[in-house]
Amino acid sequence: MKATAIAHPNFALIKYWGKADRTLNIPATGSISVTVDRLLTKTEVSFDNALDQDIVTLDGNQLDPKEAARVVAFMDLVRKMSGCRWFARVNSINNFPADAGLASSASAFAALALAASNAAGLKMKPGELSALARRGSGSAARSIFGGYVEMHAGTSPNGLDAIANPIAEASSWPLVILIAVTSSDVKRINSTDGMNMTAKTSPFFNSWITSTQKDLENMRAGIGARDLARVGELMEHSCLKMHGLMLSARPGLIYWNDGTLQVIETIRRLRRQRQNAYFTVDAGPQVKVICEPDHLLRVKEALSRLSGVSRIIETMPGPAARLLED
Ligand code: DP6
């Protein structure tokens, strides 16, 4: 009744922003991402019949009931699927720098889905695990897999086909993914609330949904051809389109800070100097930069000179979520 799993965060090349079904957490569109190495969440789940509630610990601190609610709701789902009635100890640690503002629900719920399902005796196939992880967080469905991954919105009302699948192995295209940390401030509107508010109030939400279809096709082709210029251009387009959409919500959602804009300007300048680097930004101010390994030193040097960048974390495409043997 105990299992430990590791999962890595992923960064979306084509973004997910909006839900088709809030209860089942089915995304309104597909998305495409790359899972990264080095950053990870490790989660141990042990069911124990002596407990009268789930005890959730994150980075050594026990969460209060309000903070633990999302994890407890996920554990209720695993109990329902497995028939297990016991509560559990859930102990999770991230190896990300605590002040990097990178808290990732993707690696968190991918590791929890794998550890909790195994601890409860459920033997799930990767696609089923992806659907389970999605119930915790949409982006977590992608972190079940390594390398380049596509998430499908699916067509089934029960969400069984709203799952991810790998489209290219990590080692088949070893790009560098830099994370330029521009703030350690964690106070912001979380993705779930932000996307629900956007869907409700933005006049552009329907165009976002319909235009993403073509972006997914083009991104799939760009990754297939290992064409960084094409992938990079599309990645920036999807990112800027998502942030434009966020700005058009009421009230408008602004996730960027000065450092975010400094990095974007720098990447555009480097491209004018023939350095092939591309940026993307999620629901926070950090910027992820993708480039070929040959360009790493120039790009890193340019970013490290910016007053708005406090730290640069270097990653590459990384592995799938996995169980650790005891
Ligand atoms: C901007 O997966 O965090 O990072 O399903 O509500 O938990 P929930 O949302 P989440 O949203 C990720 C949003 C994003 C874009 C992306 O990763 O595709």
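Scroll up for the structure.
The model shown is predicted, which means the values in this text are computed figures rather than measured ones. (Residues numbered from 1 in each chain as written. Predicted model: local features only at pLDDT ≥ 70, side-chain atom pairs only at ≥ 80, totals over all residues. Heavy atoms only, no water.)

Caption draft 1: Representation of the state of the cysteines within the structure. Within this structure, the stated rule accounts for zero disulfides. Here Cys291 is not cross-linked by a disulfide; its sulfur's nearest cysteine counterpart is in Cys239, at 16 Å. (Disulfide = S-S within 2.5 Å.)

Caption draft 2: Examining the pairing of strand β9 (residues 87-94) more closely. Bridge count between strand β6 (residues 41-48) and β9: eight bridges; the pairing is antiparallel. Residue pairing for β9: Thr41 is matched across the bridge by Asn94. Across four bridges, strand β7 (residues 55-58) lies against β9 in parallel orientation. Looking at β9, one finds that Thr57 is bridged to Asn91. (Pairing = 2+ DSSP bridges. Helix = DSSP H or I, 4+ residues; strand = E, 2+ residues; numbered from the N terminus.)

Caption draft 3: Up close: the side chain of Ser238. Secondary-structure assignment places Ser238 in helix α7 (residues 228-247). The contact partners of Ser238, leaving out residues within four places of it in the chain, are Leu13, Ile14, Lys15 and Trp208. (Contact = heavy atoms within 4.5 Å.)

Caption draft 4: Seen up close, the environment of Gln286. Relative to the helices and strands, Gln286 is located in the loop between β13 (277-281) and β14 (287-291). A residue is classified by how much of its surface remains accessible, and Gln286, at 4% relative accessible area, is buried. C-alpha separation for the pair Gln286 and Thr260, spaced 26 residues apart in sequence, amounts to 6.4 Å. Polar side-chain contacts of Gln286 include one of 2.7 Å to the backbone nitrogen of Thr182. Of note is the side chain of Gln286, whose polar atom sits 2.8 Å from the backbone oxygen of Ser183. (Buried < 20%, exposed > 50% of the residue type's maximum accessible area, 1.4 Å probe, protein only. Polar contact = N/O pair within 3.5 Å; in protein donor to acceptor, adjacent residues only side chain to side chain.)

Caption draft 5: Spotlight on the pattern of salt bridges. This model, assessed by the stated rule, comprises eleven salt bridges. Asp76 is the salt-bridge partner of Arg79, the closest N and O atoms lying 2.8 Å from each other. One end of the pair, Arg79, and the other, Asp76, are both in helix α1 (residues 65-82), three residues apart, so they sit about a helical turn from each other. We note a salt bridge from Glu217 to Lys214, for which the minimum N-O separation is 3.4 Å. Linking Glu217 with Lys214, this pair stays in helix α6 (residues 205-224), spanning three residues, or about one helical turn. You can call Glu217 partly exposed: its relative accessible area is 37%. Connected via shared salt-bridge partners are Lys15, Asp282 and Lys288. (Salt bridge = Lys/Arg side-chain N within 4 Å of Asp/Glu carboxyl O.)

Caption draft 6: Local environment of the site of the ligand. With respect to spatial proximity, 18 residues lie near the ligand, and among them Tyr16, Lys19, Gly138, Ser139 and Thr192 are the closest. Between the ligand and Lys19 there is a distance of 2.6 Å, counted from an oxygen atom to a side-chain nitrogen or oxygen. Thr192 is positioned with one of its side-chain polar atoms (N or O) 2.6 Å from an oxygen atom of the ligand. The fraction of the free accessible surface of the ligand (460 Å²) that becomes covered by protein chains is 94%. Per-element tally for the shell around the ligand: the top contributor is helix α5 (residues 191-201), with three residues. Split into classes, the residues belonging to the shell around the ligand amount to six nonpolar, seven polar and five charged. (Near = heavy atom within 4 Å. Areas by Shrake-Rupley, 256 points an atom, 1.4 Å probe, with all protein chains shown as cover. Nonpolar A, V, L, I, M, F, W, Y, C, P; charged D, E, K, R; others polar.)

Caption draft 7: The arrangement of the sheet that holds strand β5 (residues 31-35) in detail. The strand order across the open sheet formed by four strands is β2-β5-β10-β11, and the pairing between neighbours is antiparallel. Since the sheet does not close on itself, it has two edges, and those belong to β2 (10-14) and β11 (164-168), each with one partner. Taken over all neighbouring pairs, the strand axes of this sheet differ in orientation by 35 degrees on average, direction set aside. As defined by bridge partners, β5 adjoins strand β10 (residues 148-151) across four bridges and the pair is classed as antiparallel. The partner of Ser31 across the bridge, within β10, is Met151. Those strands touched by α6 are β2, β5, β10 and β11, and its axis lies near 110 degrees from that of β2. (Axes fitted to C-alpha atoms, helices over the stretch in contact; angles between N-to-C directions.)

Caption draft 8: The arrangement of unusual backbone geometry in detail. Across the junction of Arg250 and Pro251, the peptide omega takes the value 0 degrees, indicating a cis bond. Structurally, Pro251 is set in the loop between α7 and α8 (258-272). The backbone of Asn25 shows a phi angle near 50 degrees, a positive value even though the residue is not glycine. You can see Asn25 is positioned in the loop between β3 (19-21) and β4 (26-27). We note that Arg38 has phi near 65 degrees; this positive angle belongs to a residue other than glycine. Tracing the sequence through the fold places Arg38 in the loop between β5 and β6.

Caption draft 9: Seen up close, the sheet that holds β13. Across the sheet, which stays open at both edges, the four strands sit in the order β13-β14-β12-β15 with antiparallel pairing between neighbours. Of all the strands in the sheet, just β13 and β15 (311-315) have a single pairing partner and so form its edges. Between one strand and the next, the sheet's axes are offset by a mean angle of 25 degrees, whatever the strand orientation. Bridging between strand β12 (residues 176-181) and β15 involves five bridges; their strand directions are antiparallel. Within β15, the position partnered with Val181 by the bridge is Arg311.

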